Amino acid sequence: MAKCEVCGKTGMSGHNVSHSKRRTNRRWFGNVHKTTIHENGEARRVNICTRCMRSQYKQSVKL
């Protein structure tokens, strides 16, 4: 399971709940991708969640 290197987002745990209310363990994984970001003029490979990717894109377009 990957972790976002910007915000620290990781997976969460909980239960699947059936119609009869029987609980079984499950995991929710963050939408984390390995991508290249540019900071201070140099490219860097990072694991980053899609929310941080979107925020970074919006900041670069605004400037």
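It should be emphasised that the depicted structure is a prediction, and the values quoted were computed from it without experimental measurement. (Residues numbered from 1 in each chain as written. Predicted model: local features only at pLDDT ≥ 70, side-chain atom pairs only at ≥ 80, totals over all residues. Heavy atoms only, no water.)

Participant: Help me out: how do you make sense of the nonpolar core in this one?
Facilitator: Across soluble globular proteins, you tend to see nonpolar side chains buried next to one another. With 7 residues, the main nonpolar core is built from Cys4, Val32, Ile37, Val46, Ile48, Cys49 and Cys52. When contributions to this core are tallied by element, the ones reaching two or more residues are strand E3 (32-39) and strand E4 (42-49). At 3 residues, E4 tops the list of elements feeding residues into this core. Those residues in contact with Val46, other than ones at most four positions away along the chain, are Glu5, His33, Lys34, Thr35 and Ile37. (Core = buried A, V, L, I, M, F, W, Y, C linked by side-chain atoms within 4.5 Å. Buried < 20%, exposed > 50% of the residue type's maximum accessible area, 1.4 Å probe, protein only. Helix = DSSP H or I, 4+ residues; strand = E, 2+ residues; numbered from the N terminus. Contact = heavy atoms within 4.5 Å.)

Participant: What exactly am I supposed to notice about the pattern of salt bridges here?
Facilitator: For side chains bearing opposite charge, pairing can occur when the charged atoms are close. In the structure shown here, the tally under the stated rule is 1 salt bridge. A salt bridge links Arg44 to Glu39; the shortest N-O distance between them is 3.1 Å. Given a relative accessible area of 34%, Glu39 falls into the partly exposed group. (Salt bridge = Lys/Arg side-chain N within 4 Å of Asp/Glu carboxyl O.)

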